[in-house]
Amino acid sequence: MKVKLRNPTREVEVPGPTSVRILLERLQINPETVLVIREADLLTREERLADSDEVEIRPVISGGAGRGPAGVAAKCKRCRAPAKVEVARANAAFCADCFLRYVRNQMTKAIDDHEMFTKEDRLLVCVSGGKDSLALWDMLLDMGYDATGYHIVLWTGEEYANESRAMCEKYAAGRGATLIVTDLKDDEGFTIEQIAREGRRVPCSVCGLTKRYLSNLQATREGYDVLVTGHNLDDEAATLLGNTLHWQTEYIARQSPALPSTHAKLSKKVKPLYRVSERETAAYAILRGIDYIVEECPLVAGNTALRYKDALNLMEARSPGTKQQFFFGYLDKVAPLFASEDKVELRACTECGQSTTGDVCAYCRAKKQLRAKAGRKGAS
Ligand code: AMP
Ligand code: FES
Ligand code: ZN
């Protein structure tokens, strides 16, 4: 049987017939980190595979290693139809329709519990072209929210940038939805690749800073009520693990799925997918026929959050539910204790007028540094 593996893309021959579970075991792949696809159809671990089958094993989690738990029931927990997706942490499996409903319910609970937004609000949804943010935009539009897409072309790599933008544009065109695009190279005069090449700053941290700054600028300048991102349960649990290991209490205090606006130039920010795992958002996108960029950012090697994701995936494979226990437990029991840590006074950046705790905001400082470097280069 032909098996297509991704990142990097390659094909291997595996003798059949067999089951998905045995195939993954043979290839030593953690089932929690992939989805197995045959002709645009998702397969559960108990599915039989014939020698003539062609299957794709698609990684749906950045990084990931180790072995997974034994298979779970292959019947939908809700309607008893044949299951398409296992959700080990809920000790459940669902058919396509019930799975989509399960994911939407998780998002609705997040929106309600944290009073994220209402149908009257204008939402600016940050879309990267990846599974999480496109699935998020899709659900928001389906539910009747006023959701405009916003994409930043970061230029972490030529091909990656073009494809990411194309995925966002394709989705927007298919839905007749509005997408706003900012091109870092044209509008801001630098690229993340350039920062990586110069090696003076960690590209991921400048990338994160740029995304936060530009999306907030767009939202506040154009009068959007809420800025929405596609951070999922895996992202949030990995960030919390990193912040906890380093006891970065001021970051821990700010890790809420909904941050209110505390300054005229600071938008309200929400993460409606924090209850949905990365594997689940990927399954959602595939079942809904959403085309997304499967490749990872070419600069991902320097991303420290990946190590924490790896560690959490190892634990999740042994004890399904670890990630949610960690993050939901933090929200229930710990976040209230940290509330007092988050008392900073904001003022206007003397360069750009956006909010900052100092005189000049971090983004303006980073840009100044880049210009100084370019100037020195030009003079030499
Ligand atoms: P990441 O930082 O890549 O894990 O992405 C987290 C979230 O940030 C995504 O779910 C998007 O909502 C947003 N995001 C990431 N990349 C972009 C981008 N190039 N343009 C707009 N939003 C983005
Ligand atoms: Fe792309 Fe860090 S810059 S993952
Ligand atoms: Zn500034």
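Draft legend 1. Layout of the overall build of the protein. On a plain count of helices and strands, the protein comes out with 13 helices and 17 strands. For the protein, the proportion of its 380 residues judged to be buried stands at 40%. For the protein, the proportion of contacts with a sequence separation of at least 24, taken over those separated by at least 6, is 69%.

Draft legend 2. Main features of the sheet that holds strand β7 (residues 54-59). On the basis of which strands lie adjacent, the open sheet formed by five strands has the order β2-β1-β7-β4-β5 and mixed pairing. If you trace the sheet from one side to the other, it starts and ends with β2 (10-13) and β5 (41-43), each paired once. Averaged over neighbouring strand pairs, the angle between their axes works out to 30° when direction is ignored. Alignment of strand β4 (residues 34-38) against β7, held across four bridges, turns out to be antiparallel. Paired with Val36 across the strands is Ile57, a residue of β7. On the sheet, helix α10 (residues 278-287) packs against β4 and β5 and is oriented at approximately 20° with respect to β4.

Draft legend 3. The site of ligand 1, seen in detail. Taken together, 14 residues lie near ligand 1, and Cys126, Ser128, Ile152, Thr229 and Gly230 sit nearest. Sort the elements by how many residues they give to the shell around ligand 1 and strand β11 (residues 146-153) lands first, with three residues. Among the residues forming the shell around ligand 1, the class breakdown is five nonpolar, six polar and three charged.

Draft legend 4. Molecular detail of the domain arrangement of the protein. Each assigned domain of the protein is listed here: domain 1 (2-96), domain 2 (104-343) and domain 3 (348-374). One C-alpha centre belongs to domain 1, the other to domain 2, and the line joining them spans 26 Å. Facing 24 residues of domain 1, the contacting portion of domain 2 comprises 22 residues. Those elements that provide at least two residues to the side of domain 1 that touches domain 2 are β4 and β8 (85-87).

Draft legend 5. Inspection of the packing of helix α3 (residues 131-142) against α10 at higher detail. Close contact between α3 and α10 brings their axes to 9 Å; oriented N to C, the two are set at 60°. The pairing of α3 with α10 is recorded here as oblique in orientation. α3 and α10 meet at a crossing whose hand is left-handed. For the pair α3 and α10, the contacting residues are Lys131, Asp132, Leu134 and Ala135 in the first and Glu278, Thr281, Ala282, Tyr284 and Ala285 in the second. Across the contact of α3 with α10, the residue classes break down as five nonpolar, one polar and three charged.

Draft legend 6. Spotlight on the nonpolar core. Residues Phe94, Phe99, Leu123, Val125, Val228 and Ala283 are the most contacted members of the largest nonpolar core, which totals 71 residues. Each of domain 1 (2-96) and domain 2 (104-343) contributes no fewer than three residues to this core. Those residues within four positions of Phe94 in sequence are excluded, and the remaining contacts are Cys76, Lys77, Arg78, Ala83, Lys84, Val85, Val87, Phe99 and Tyr102. Grouped together as the second largest cluster of nonpolar side chains are eleven residues, Leu184, Ile195, Ala196 and Cys207 included.

Draft legend 7. The sheet that holds β11, seen in detail. Strand order in the open sheet formed by six strands is β12-β11-β10-β13-β15-β14, with mixed pairing between adjacent strands. Edge positions in the sheet fall to β12 (179-183) and β14 (258-259), since each of these pairs with one other strand and no more. Note that β14 and strand β15 (residues 268-270) share two bridges and pair antiparallel. Residue pairing for β15: Leu259 is matched across the bridge by Lys269. Relative to the sheet, α3 contacts β10 (122-126), β11 and β13 (226-228), its axis offset from that of β10 by approximately 160°. Helix α7 (residues 203-221) rests against β10, β11, β12 and β13 of the sheet, and its axis sits at about 140° to β11.

Draft legend 8. Highlighting the packing of helix α8 (residues 233-245) against helix α12 (residues 322-338). With their axes 9 Å apart at the nearest point, α8 and α12 run at an angle of 70° to one another. Regarding the angle of α8 to α12, the classification is roughly perpendicular. As α8 runs across α12, the sense of the crossing is left-handed. Residues Leu233, Asp234, Glu236, Ala237 and Leu240 of α8 form the contact with α12, whose own contacting residues are Lys323, Gln324, Phe326, Phe327 and Tyr330. Here the contact of α8 with α12 is composed, by residue class, of six nonpolar, one polar and three charged.

Reading the values: rules and limits
- Residues numbered from 1 in each chain as written.
- Chains lettered and ligands numbered in written order.
- Predicted model: local features only at pLDDT ≥ 70, side-chain atom pairs only at ≥ 80, totals over all residues.
- Helix = DSSP H or I, 4+ residues; strand = E, 2+ residues; numbered from the N terminus.
- Buried ≥ 20, exposed ≤ 12 C-beta atoms within 10 Å, placed from the backbone.
- Contact = placed C-beta atoms within 7 Å.
- Pairing = 2+ DSSP bridges.
- Axes fitted to C-alpha atoms, helices over the stretch in contact; angles between N-to-C directions.
- Near = placed C-beta within 6 Å.
- Nonpolar A, V, L, I, M, F, W, Y, C, P; charged D, E, K, R; others polar.
- Domains from an automatic or database assignment.
- Parallel < 35°, antiparallel > 145°, perpendicular 65-115°, else oblique.
- Left-handed = near helix turned anticlockwise from the far one by under 90°.
- Core = buried A, V, L, I, M, F, W, Y, C linked by C-beta atoms within 7 Å.

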